[in-house]
Amino acid sequence: MPDNATEVTAAGIARLAGVGRAAVSNWRRRHADFPKPVGGTETSPSFALAEIEDWLRTQGKLAEVPLRERVWQQVAGHPAGAVTALVHTGCVLLLVRERPTAWRATAAGSDDTCAELLPTALAQVLDGRLGGEWLRAVRTPDATALAASVPLLRAAAELAAQEGPSPAYEFLLGRHLDANPRQYTLTPPGPAALMAALAGHPRTVLDPACGTASLLCAVAEAGGESDRPSALYAQDADPDLAALAALRLALRADARTTEVRAAAADTLRADAYPQISVDAVVSHPPFNERNWGHDELAYDPRWEYGFPARTESELAWVQHALARLRPGGTAVLLMPPAAASRRSGRRIRADLLRRGALRAVVALPAGAAPPYGIPLHLWILRKPETSTSAGASASTTAGARTATGGGRNATGPGARTAPELLLVDTADLSEAGRDRLDWAALHTAVLTTWQTFDRDGTVEERPGVSRAVPVIELLDDDVDLAPARHLPPSAAGGGVAELASVRERLADTLRLTAELNPHTGTGASAPPAHWPLTTVGELARAGALVLRTGSAAGGGPAGARVLTEQDVLTGGTASGAPGDTGDGDAVLTAPGDVVVPVLGGGSIARVVDEAGAGAVLGRNLHLLRPDPAAVDPWFLAGFLRGTANNRQASSFASTAARLDVRRLQLPRLPLADQRRYGDRFRALAAFEDALRLAGRLGEQLVQGLYDGLADGTVPPE
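A quick note: this is a predicted structure, and the numbers were derived from the prediction, not measured. (Residues numbered from 1 in each chain as written. Predicted model: local features only at pLDDT ≥ 70, side-chain atom pairs only at ≥ 80, totals over all residues. Heavy atoms only, no water.)

In an α-helix, one turn spans 3.6 residues; hence positions three or four apart end up facing the same way. Where burial is concerned, most of helix 11 (residues 189-198) is hidden: 8 out of the 10 residues are buried. Burial in helix 11 covers these residues: Gly190, Pro191, Ala192, Leu194, Met195, Ala196, Ala197 and Leu198. The inward-facing, buried residues of helix 11 contact helix 12 (214-222), strand 7 (278-283), strand 8 (325-335), strand 10 (377-382) and helix 17 (439-456). (Buried < 20%, exposed > 50% of the residue type's maximum accessible area, 1.4 Å probe, protein only. Helix = DSSP H or I, 4+ residues; strand = E, 2+ residues; numbered from the N terminus. Contact = heavy atoms within 4.5 Å.)

Below, the structure written as structure tokens:
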């Protein structure tokens, strides 16, 4: 086997063959000719991908490896690492798109010849698209580095022929990011799209802490063809991220209309664009950095609004963004909530307010972006027309002066020193939790409020949601800009009328629970039944039901919501973020399916109805799809909920119990008897739903009355 062969783990083998990891372990034990490990560890070995593909094909376990999966496995198992593989792949995909003839000529020879010829061809396309090598984040790989990548590059070019270079790269990069969630701090699509919309339709855009360029991609796609930016500037301190961002942007943007520049350097210490003035800055900068350059940057001309304290790295990023804007340009930054209220930053916040640079603070719900546990803020800034920061050139390009969006109000109210600051709190606009945010409603509410304020200089007050606060009210000893502290409270529980409505609904629900209160029988208990039993695993093997497992990746048809473990436990509707990948491997629920959580040791089984059909099955969930001619779904769900049944089917590998669904038991009964039991189980489920609804309504009524009595909107009489 060549030293540079691509390797694949047991999980990758399982994905290739469409089986579980347990099946791969069985193959290793039962088949003496199964390929031997070539790397990894004793507990997590890796295997040569080519050998695994040959073995699977010989055994008839693999008719054809899907091209997408084969390319991804080559990326994941690249001997130099996935990032290097993605950089090489991105370079070649750029060559395929920009100079297809050059790629075909280069790829016509052997792998060794291809590796020798590629550096020259890549240098030409990278220089033309990203600038000279001395200033771009992507260095041209040499022939030695490319030698191990040629099979991957040929496969990636084949994938690009099917899907297009940019979609192919997005797929591979997305799989890498999904596989390493703790390694990267990403800006999710929801807040990225909102930030892009708030920036308007700028012609020139900078992200000084770009990561994988999610924000710049969102800005580039926010408008129509005529609104696309003419220049995208990216910078990140991590060389790997800067290279991935550069290639992603170059593959997405049209080379004829959009210039792309990306640099790998610490922005605060080594700004790569000291002479530019852009229409908009969008950024999700790092939070709570102590080593941001406080000691060596004390006299930096960017600190026009005050020298940030060592603990105020976020205010350093704010002033860097303002320094790179043209007069009238807009910056949108994702900020931690502490930056709005820490005492160490109050003087800078006060100067930002006095000079009209800070225009709005928007509090997002918790779960909007990492870190997901806190409600982050969006700061919208506008560089005053009279500001002339010494750190940026006073001149702007003709394209910048004709910009719309961020600079379109340069002569209107939004460009003058603002007498008011827009404060918006979206906590009540969407249910808390990263998978429960209604980004469409939140996006519309925030954008509409901002556009009205930007046009008119003020907005109508909405209690608990938004208010234009006079700057003079904020210039006290604390200069606290947290929206919740300055917004009038919304009517308690929606007001007296709404509380009365909740009370009526609660009364109706309590009457329903009384009607549904199940009959328990009278007299002595019957002796335990001794039915012949079968297991879910046996039913699956006999074809009486189909057993499917949920995926952590989600996917599914565009717009399909994900049924999460929490949804099943609480009896709620599918609340996970809508799928947008169109992944045909996603499991979609259908009426009559039975969904079972596998963690926690609880006895829960839920039957999917018409309203819940079409959702994507989330992780830590199993779906049982019974054949209605053999197994009644309510009978199945009812017996699966038995406490003793769950106890015998659970294992305790750690502090949490895990349910082995295949070991769950149920009686062998005729279908008519199954339906008798099923009708009773269905009635119990309805009673349980009514109790759950009564509990929620009761909590809402009690809290609303507490709030109303406390703020005077509900009189004690």
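Here the narrative resumes, following the displayed structure.
All right, on to the pairing of strand 16 (residues 594-597) then. Burial along strand 16 is two-sided: the face carrying Val594 and Val596 and the face carrying Val595 and Pro597 are both buried. By the bridge criterion, 2 bridges tie strand 16 to strand 17 (residues 606-607) in an arrangement that is antiparallel. The partner of valine 595 across the bridge, within strand 17, is arginine 606. Pairing geometry for strand 16 and strand 19 (residues 621-626), over 4 bridges, is antiparallel. Each residue of the ladder has a partner; that of valine 596, found in strand 19, is histidine 622. (Pairing = 2+ DSSP bridges.)

Now for unusual backbone geometry. Here the residue pair proline 370 and proline 371 is connected by a cis peptide bond, since its omega of -5 degrees sits within 30 degrees of zero. Considering the arrangement of structural elements, one finds proline 371 in the loop between strand 9 (358-363) and strand 10. Positive phi is not limited to glycine here, since valine 479 has a value of about 45 degrees. Backbone geometry places asparagine 620, a non-glycine residue, at a positive phi of 65 degrees. With respect to the helices, strands and loops of the structure, asparagine 620 is situated in the loop between strand 18 (616-617) and strand 19. Judged by its relative accessible area of 26%, asparagine 620 is partly exposed.

Taken as a whole, this structure holds 13 aromatic pairs when the rule is applied. Aromatic side chains tryptophan 292 and tryptophan 303 sit 5.9 Å apart centroid to centroid with 85 degrees between the ring planes, which places their arrangement in the edge-to-face category. Within this pair, whereas tryptophan 292 is found in the loop between strand 7 and helix 14 (313-323), its partner tryptophan 303 is found in the loop between strand 7 and helix 14, the two being separated by 11 residues in sequence. Using a relative accessible area of 9% as the deciding quantity, one classes tryptophan 303 as buried. Taken together, the aromatic side chains of Trp531, Phe635, Phe639, Tyr677 and Phe681 make up a single cluster linked through ring pairs. Taking NZ or CZ as reference, arginine 68 lies 4.0 Å from the ring centre of phenylalanine 171, over its face. (Phe/Tyr/Trp six-rings, centres within 6.5 Å; stacked < 30°, edge-to-face > 60°. Lys NZ or Arg CZ within 6 Å of the ring centre and 35° of its normal.)

Bringing the packing of helix 4 (residues 67-76) against helix 10 (residues 165-179) into the picture now. It is at 10 Å that the axes of helix 4 and helix 10 come closest, and there the two elements cross at 55 degrees. If you check the angle between helix 4 and helix 10, you find them oblique. Like other packed secondary-structure pairs, helix 4 and helix 10 cross with a definite hand, here right-handed. Contact with helix 4, carried on its side by Arg68, Glu69, Val71, Trp72 and Val75, involves Phe171, Leu172, Arg175, His176 and Ala179 of helix 10 and no other residues of that element. Split into classes, the residues belonging to the contact of helix 4 with helix 10 amount to 6 nonpolar, 1 polar and 3 charged. (Axes fitted to C-alpha atoms, helices over the stretch in contact; angles between N-to-C directions. Parallel < 35°, antiparallel > 145°, perpendicular 65-115°, else oblique. Left-handed = near helix turned anticlockwise from the far one by under 90°. Nonpolar A, V, L, I, M, F, W, Y, C, P; charged D, E, K, R; others polar.)

Look at helix 5 (residues 82-98) against helix 6 (residues 100-107): their axes get within 5 Å of each other, and the N-to-C directions meet at 120 degrees. Between helix 5 and helix 6, the angle is such that the two are oblique. Contacts between helix 5 and helix 6 involve Val92, Leu95, Val96, Arg97 and Glu98 from the first element and Pro100, Ala102 and Trp103 from the second. Across the contact of helix 5 with helix 6, the residue classes break down as 6 nonpolar, no polar and 2 charged.

Taken over all residues, the pLDDT of the protein chain has a mean of 86, while the share at 70 or more is 89%. Within the model, pLDDT remains below 50 along residues 387-418, and this stretch shows 72 contacts once partners closer than five positions in the same chain are excluded. (pLDDT = per-residue confidence, 0-100.)

All right, on to the sheet that holds strand 3 (residues 45-48) then. Ordered by their spatial adjacency, 3 strands build an open sheet running 1-3-2, and the pairing between neighbours is antiparallel. Since the sheet does not close on itself, it has two edges, and those belong to strand 1 (7-9) and strand 2 (39-40), each with one partner. In the sheet, strand 1 pairs with strand 3 via 3 bridges, with the strands oriented antiparallel. The residue bridging glutamate 7 from the neighbouring strand is alanine 48, located in strand 3.

Before going further, it helps to examine the pattern of salt bridges. Should their charged atoms come close, side chains of opposite charge can pair. Tallied over the entire structure, the rule returns 35 salt bridges. Residues participating in the shared-partner salt-bridge network are Glu170, Glu221, Arg248 and Arg252. (Salt bridge = Lys/Arg side-chain N within 4 Å of Asp/Glu carboxyl O.)

With that out of the way, let us pick up the sheet that holds strand 11 (residues 420-425). Taking strand neighbours across the sheet as the criterion, the 9 strands line up as 6-5-4-7-8-10-9-11-12 in an open arrangement whose pairing is mixed. With one partner strand each, in any of the chains shown, strand 6 (259-264) and strand 12 (466-470) form the two edges of the open sheet. Each strand axis lies, on average, 15 degrees off the axis of its neighbour in the sheet, ignoring direction. Direction of pairing for strand 9 relative to strand 10: antiparallel, over a ladder of 5 bridges. Counterpart to alanine 363 in the pairing with strand 10 is histidine 377.

What follows covers the nonpolar core. One finds Trp103, Leu118, Val138, Leu198 and Leu378 to be the most contacted residues of the largest nonpolar core, which totals 98 residues. Among the elements that make up this core, the one with the highest residue count is helix 5 (11 residues). Those residues in contact with tryptophan 103 that sit more than four places away from it in its chain are Val92, Leu95, Val96, Cys114, Leu118, Leu153, Arg154 and Ala157. Core analysis: the next-biggest nonpolar cluster, separate from the first, contains 43 residues, Ile348, Leu352, Leu381 and Leu474 among them. (Core = buried A, V, L, I, M, F, W, Y, C linked by side-chain atoms within 4.5 Å.)

Right, let's talk about the environment of glycine 329 for a bit. Tracing the backbone shows glycine 329 in strand 8. Between the C-alpha atom of glycine 329 and that of valine 281, which follows or precedes it by 48 residues, the distance is 8.2 Å.

Considering all chains together, one arrives at 0 disulfides under this definition. In this structure cysteine 210 is not part of a disulfide, and its nearest cysteine sulfur, from cysteine 217, lies 9.8 Å away. (Disulfide = S-S within 2.5 Å.)

Right, let's get into helix 17. In this model, helix 17 (18 residues) spans 25 Å end to end at C-alpha, consistent with the 26 Å of a helix rising 1.5 Å per residue. Regarding helix 17, the residues found buried are Trp439, Leu442, Ala445, Val446, Leu447, Thr449, Trp450, Phe453 and Asp454. Summarising the contacts, the buried residues of helix 17 are in contact with helix 11, strand 9, strand 10, strand 11 and strand 12. In the stretch just after helix 17, glycine 457 is the one whose phi turns positive, near 85 degrees. (Expected span 1.5 Å × (residues − 1).)

Turning next to the environment of aspartate 279. For aspartate 279, the position within the fold is in strand 7. For the pair formed by aspartate 279 and alanine 199, sequence separation is 80 residues and the distance between their alpha carbons is 8.9 Å. In this structure the side chain of aspartate 279 is engaged in a polar contact, spanning 3.0 Å, whose partner is the backbone nitrogen of arginine 203. (Polar contact = N/O pair within 3.5 Å; in protein donor to acceptor, adjacent residues only side chain to side chain.)

Mapped onto the secondary structure, threonine 513 falls in helix 19 (residues 496-516). Of the residues examined, threonine 513 reaches a relative accessible area of 10% and is grouped as buried. Here leucine 510 takes part through its backbone oxygen, which lies 2.6 Å from a polar atom of the side chain of threonine 513.

What follows concerns the environment of valine 361. Its location among the elements puts valine 361 in strand 9. Distance from valine 361 to alanine 340, taken between C-alpha atoms, is 8.5 Å for residues 21 residues apart in sequence.

Next up on the list: the pairing of strand 8. Burial within strand 8 is extensive, with 10 of its 11 residues counted as buried. The sheet contact formed by strand 7 and strand 8 spans 5 bridges and is parallel. Pairing of valine 282 across the sheet is with valine 332, part of strand 8. What joins strand 7 to strand 8 is helix 14, and the crossover it makes is right-handed. Sheet topology places strand 8 next to strand 10; 6 bridges connect them, and they run antiparallel. Bridging from a neighbouring strand, alanine 331 pairs with leucine 381 of strand 10. (Right-handed = clockwise from strand over helix to strand, strands pointing away.)

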